[in-house]
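In case you want the letters, here they are:
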Amino acid sequence: MTDKFDLEKYLSVGAENVVKGLLTVSSFSLKESRFLTQYSRAAKKAERLRAEAESHGEHIPVFLIASITSVCNLHCAGCYARKLGSCADCEPVEQLSADEWGNVFEQARGLGIGFVLLVGGEPLVRTDVLERAAGFPEIIFPIFTNGTMLEQNIELFDDNRNLVPILSIEGGQEVTDARRGKGVYEQVNGIMRLLKDRRILFGASVTVTKENLDEVISDEFISGLKADGCKLLLYVEFVPTDESMSYLAPDEQTREKLSARIDGLRESDSDMLYISFPGDEKESGGCLAAGRGFFHINSQGGAEPCPFSPYSDINVREHTLKEVMQSALFRNLREQGIMSGEHDGGCVLYTRRQEVEALLNGK
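Just so it is clear, the structure is predicted and the values come from calculations on it, not from any experiment.

Caption draft 1: View of the overall build of the protein chain. Of the regular secondary structure elements, the protein chain holds 16 helices and nine strands. Looking at the protein chain as a whole, 56% of its 363 residues qualify as buried. Restricting to contacts in the protein chain with at least 6 residues of sequence separation, those with at least 24 account for 70%. Of the roughly 16000 Å² that the protein chain leaves accessible, carbon and sulfur atoms contribute 49%.

Set out below in structure tokens:
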């Protein structure tokens, strides 16, 4: 029997090795050397903080997800965030301020959370929050972006190597532009070349469907990303937001093919990180949401199990991150088995949302 895959360990150890490998390709600049020294020291300290909490019966996840905005400049086909109402063309007035996000990041650092994934919307519309995140070099901030606003902010990423852009791409030009809009593929390719020229660590995020699977796991696609300087490849299963798009959702055969491919890539290629969601969760013993491995904070401060499950009974404006992780909703989700079991699409909590709503309403 093979050992259970440990996603948290793979992320924390693997990301550190990728950063080290990238920065040792050639002679250090002063800012690269300073970042590597700070990050290596901070990663060990964060691990000790989590281990100490675990010894007292308190689990601190390696990472959390923060939607720092609900605004996006694109209208991607089948976007779950727009369907769920967590993405729009204008920002709600009650969004967290940069100071409030800074407080969240400060607490995360104190708890030993090593990665804060910044998402949206399009997170690059909140450069005020990104600038605040840059002040926490002990934390890696993967920033999930469509890439269309990155060039005008390139100096921010060049000066702050803890900000790591993760560029969304669907495969080649035809499938990417079909989902994200005409010309987006060329923009993203140009940004990749710019990031490579600046020796800035970056990754790519691919939404996997039945239709694009073969393309996005092909040697040609992956080698092309590596040639462009990509160091992390994240595969996210498509979540159908209505019945008309359910045919795109990966089925069990699709998932098994993706899983086998990733296993092979991890064995043969240590220079790049390969992550699958929620496939890696399944290998890690089930859904990692609701504080088991991560949780989500929306742009208004509501703490949710994950971005695909927009339900909250607690807000970071009034509660600490420690209190958030012990909310009634999170505890019930962890204890009542809702986060396990087979499901269609990319998120068990989205599939079982009626049960989550019942828990939220105390039924």
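Caption draft 2: Looking closely at the packing of helix α14 (residues 328–335) against helix α16 (residues 353–360). Between α14 and α16, the least distance of the axes is 10 Å, while the angle of their chain directions is 130°. Judged by the angle between their axes, α14 and α16 are oblique. Relative to α16, the crossing made by α14 is right-handed. For the pair formed by α14 and α16, the contact residues are L329, N332 and L333 on the first element and V356, L359 and L360 on the second. Grouping the constituent residues of the contact of α14 with α16 by class yields five nonpolar, one polar and no charged.

Caption draft 3: View of the pairing of strand β6 (residues 232–237). Summarising burial for β6: six of the six residues are buried, a large majority. Going residue by residue along β6, you find L232, L234 and V236 tucked away on one face and L233, Y235 and E237 tucked away on the opposite face as well. Two strands pair when backbone bridges link them, and strand β5 (residues 203–208) and β6 are joined in this way by six bridges, in the parallel orientation. From the neighbouring strand, T207 faces β6, where its bridge partner is V236. Here β6 pairs with strand β7 (residues 273–277) via five bridges, running parallel.

Caption draft 4: Structural context of the side chain of R126. Within the fold, R126 resides in the loop between β2 (115–119) and α5 (127–133). A polar contact of 3.3 Å, which involves the side chain of R126, links it to the backbone oxygen of L96. Looking at R126, its side chain comes within polar contact range of the side chain of D128, at 2.9 Å. When near neighbours in sequence (up to four residues on either side) are disregarded, R126 contacts I68, T69, Q95, L96, S97, A98 and W101.

Caption draft 5: Representation of the packing of aromatic side chains. Within this structure, the stated rule accounts for five aromatic pairs. A ring pair is formed by F295 and F330, whose centres lie 6.0 Å apart and whose planes are at 55°; its orientation type is tilted. Here F295 is found in the loop between α12 (279–283) and β8 (296–297), whereas its partner F330 is found in helix α14, with 35 residues between them in sequence. The pair formed by F295 and F330 is uniform in burial state, with each residue classed as buried. Taken together, the aromatic side chains of W101, F105, F136 and F141 make up a single cluster linked through ring pairs.

Caption draft 6: Just the pattern of salt bridges, in detail. One pass over the structure, following the stated rule, counts 17 salt bridges. Two residues, E100 and R317, come together in a salt bridge whose shortest N-O distance is 2.9 Å. Residue E100 is located in helix α4 (residues 98–111), and its partner R317 is located in the loop between β9 (303–304) and α13 (321–325); the two are separated by 217 residues in the primary sequence. Judged by its relative accessible area of 36%, R317 falls in the partly exposed class. The closest approach of N and O atoms between E237 and R255, which form a salt bridge, is 3.1 Å. Here E237 is found in strand β6, whereas its partner R255 is found in helix α11 (residues 252–268), with 18 residues between them in sequence. Per residue, the accessibility class of E237 equals that of R255, and both read buried. Salt bridges sharing partners connect three or more residues here, namely E155, D158, R161 and R198.

Caption draft 7: The nonpolar core, seen in detail. Counting residues in hydrophobic clusters, the biggest one holds 110 residues, and the most contacted among them are F105, V116, L118 and Y235. If we skip the residues at most four places from it in the chain, F105 touches V116, L118, V129, A133, F136, I139 and F141.

Caption draft 8: Structural detail: the pairing of β2. The buried fraction of β2 is high, at five of five residues. Neither face of β2 is left uncovered, since the one carrying F115, L117 and V119 and the one carrying V116 and L118 both have all their residues buried. Here five bridges tie strand β1 (residues 63–67) to β2, and the two strands are oriented parallel to one another. Looking at β2, one finds that F63 is bridged to F115.

Caption draft 9: Seen up close, the packing of helix α7 (residues 173–180) against helix α8 (residues 184–197). For the pair α7 and α8, the least separation of the axes is 8 Å and the interaxial angle reads 115°. Regarding the angle of α7 to α8, the classification is roughly perpendicular. Listed contacts from α8 to Q173, T176, D177 and R180 of α7 are V184, Y185 and E186.

Caption draft 10: Seen up close, α11. Here α11 contains 17 residues, and its C-alpha end-to-end distance of 24 Å stays within 8% of the 24 Å for a straight helix at 1.5 Å per residue. Every buried residue belonging to α11 is among T254, R255, L258, I262, L265 and R266, and all of these are buried. Considered in projection along α11, the buried side chains sweep an arc of 95° and stay on one side of the axis. When the buried face of α11 is taken as reference, the exposed residues oriented beyond 90 degrees from it are Q253, A260, E267 and S268.

Analysis parameters
Residues numbered from 1 in each chain as written. Predicted model: local features only at pLDDT ≥ 70, side-chain atom pairs only at ≥ 80, totals over all residues. Heavy atoms only, no water. Helix = DSSP H or I, 4+ residues; strand = E, 2+ residues; numbered from the N terminus. Buried < 20%, exposed > 50% of the residue type's maximum accessible area, 1.4 Å probe, protein only. Contact = heavy atoms within 4.5 Å. Areas by Shrake-Rupley, 256 points an atom, 1.4 Å probe, with all protein chains shown as cover. Axes fitted to C-alpha atoms, helices over the stretch in contact; angles between N-to-C directions. Parallel < 35°, antiparallel > 145°, perpendicular 65-115°, else oblique. Left-handed = near helix turned anticlockwise from the far one by under 90°. Nonpolar A, V, L, I, M, F, W, Y, C, P; charged D, E, K, R; others polar. Pairing = 2+ DSSP bridges. Polar contact = N/O pair within 3.5 Å; in protein donor to acceptor, adjacent residues only side chain to side chain. Phe/Tyr/Trp six-rings, centres within 6.5 Å; stacked < 30°, edge-to-face > 60°. Salt bridge = Lys/Arg side-chain N within 4 Å of Asp/Glu carboxyl O. Core = buried A, V, L, I, M, F, W, Y, C linked by side-chain atoms within 4.5 Å. Expected span 1.5 Å × (residues − 1). Arc of directions from axis to C-beta.

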